[in-house]
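# Summary of structural features
For reference, the chains in residue letters:
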Amino acid sequence: MVAEFVVITGMSGAGRSQAANHFEDLGWYVVDNLPPALLPKVREFADAPDSGVSRVGLVLGLNLYHDEVAPALADLKESADGSVRILFLDASTPELVKRFENTKRRHPFAGTSPMGVSDAIEAEREALGYLRSEADVVVDTSEYSIYQLNRFVDEVFDLDAGPESVTTRIMSFGFKHGIPLDADLVLDCRFLPNPHWVEELRPLTGQHEAVKDFLLNGQPMAETFLQKTEDLLTMLVPAYVREGKSYLTIAFGCTGGHHRSVFVAEDINRRLSDNAELGVRPLVVHRDIHK
């Protein structure tokens, strides 16, 4: 049996260790801070008939082995026959600065230089650009607790689903809180009338029937937008799957993330869930609904 591999990488302070711990709790064989040159040895060990290992997590940073990571991962993917996925954990620079200040730790990219935390984070972000572009799953942990990160891992790396499965996350957000770092597609819903300016609708969200009725009746384009968005995703999702992508984040934004984007995300999630031929496992997340 060919072992399944997940490479856990990303920004220092974004949650690599927490994710690795959760994979270990789920029964994965996890190796932390492994030199890239030893990846073939781990592959040989996992594929041995008597190893008892079917799922391996590899935690990789770049601070020690800048030039070795990319070719080592390319070799691993080639030898693993498609059973390797890369999980990239990211977070905003202000959030990473706060985390390092709270822990009083020196950023690994600063080394012994007088480089400040922000500069070290940006240097690491630039160095990790290639890995981020190659990742199958990118997640922004800026506002995640440990429990939310664990739940994310549970949803994406479903123990009953193989690496050929595609998880599609439908997200709503507010532009005033920033565009999600991990979004693959971003669609702007601010052309719809804003329920915020209707006094009785302001305290509600896009999950309420009154808001749904207001949006569908208040903008003739709303139903057309939903239908054409469904058509677009029906075309694009299989194309992403053919390219080997196992996780897709589609983000819908409005001003605050309470009404319009929530309504659209819920509707698109329902449409994709009802589309049996599409073969996706949609999840809906409302990032800013309680802000």
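Relevant structure appears above.
Here's a quick rundown of the structure. (Residues numbered from 1 in each chain as written. Predicted model: local features only at pLDDT ≥ 70, side-chain atom pairs only at ≥ 80, totals over all residues. Heavy atoms only, no water.)

Here we come to the packing of aromatic side chains. One pass over the full model with this rule turns up 5 aromatic pairs. Each ring, one from Tyr 29 and one from Phe 45, has its centre 5.6 Å from the other, and the planes form 50°; the classification is tilted. Of this pair, Tyr 29 sits in strand S2 (residues 29–32) while Phe 45 sits in helix H2 (residues 39–47); the two residues are 16 residues apart in sequence, bridging distant segments of the chain. When its relative accessible area of 38% is taken as the criterion, Phe 45 is described as partly exposed. Here the basic side chain of Arg 190 rests over the ring of Phe 175, its NZ or CZ set 3.7 Å away from the ring centre. (Phe/Tyr/Trp six-rings, centres within 6.5 Å; stacked < 30°, edge-to-face > 60°. Helix = DSSP H or I, 4+ residues; strand = E, 2+ residues; numbered from the N terminus. Buried < 20%, exposed > 50% of the residue type's maximum accessible area, 1.4 Å probe, protein only. Lys NZ or Arg CZ within 6 Å of the ring centre and 35° of its normal.)

Time to look at the nonpolar core. Counting residues in hydrophobic clusters, the biggest one holds 47 residues, and the most contacted among them are Phe 5, Phe 23, Leu 58, Leu 73 and Leu 87. Residue contributions to this core peak at 5 residues, all from strand S4 (residues 84–90). Of all hydrophobic cores here, the second largest spans 22 residues; its members include Val 211, Leu 215, Leu 226 and Leu 233. (Core = buried A, V, L, I, M, F, W, Y, C linked by side-chain atoms within 4.5 Å.)

Moving on: the pairing of S4. Of all 7 residues in S4, 7 are buried; the element is thus mostly enclosed. The alternating pattern of S4 places Val 84, Ile 86, Phe 88 and Asp 90 on one face and Arg 85, Leu 87 and Leu 89 on the opposite face, and all of these are buried. Note that S4 and strand S5 (residues 137–140) share 4 bridges and pair parallel. Bridge pairing in S5 links Leu 87 to Val 137. (Pairing = 2+ DSSP bridges.)

The next subject is the sheet that holds strand S9 (residues 281–286). If you trace the 4 strands from one edge of the open sheet to the other, you get S7-S8-S6-S9, paired in parallel fashion. Because the sheet does not close on itself, it has two edges, and the strands there are strand S7 (185–188) and S9. Direction aside, the axes of adjacent strands within the sheet are offset by 20° on average. Taken together, the 6 bridges between strand S6 (residues 167–174) and S9 define a ladder with parallel strand orientation. Residue Ile 170 lies in a different strand from S9, and its bridge partner there is Val 284. (Axes fitted to C-alpha atoms, helices over the stretch in contact; angles between N-to-C directions.)

With that settled, consider the state of the cysteines. Under the criterion given, the structure shown has 0 disulfides. The thiol sulfur of Cys 189 is not disulfide-bonded, and the nearest other cysteine sulfur, from Cys 254, lies at 6.7 Å. (Disulfide = S-S within 2.5 Å.)

This part covers the environment of Arg 151. In this fold, Arg 151 is placed in helix H7 (residues 146–156). For Arg 151, a relative accessible area of 45% corresponds to the partly exposed category. Linking Arg 151 and His 22, residues 129 residues apart in sequence, is a C-alpha distance of 9.5 Å.

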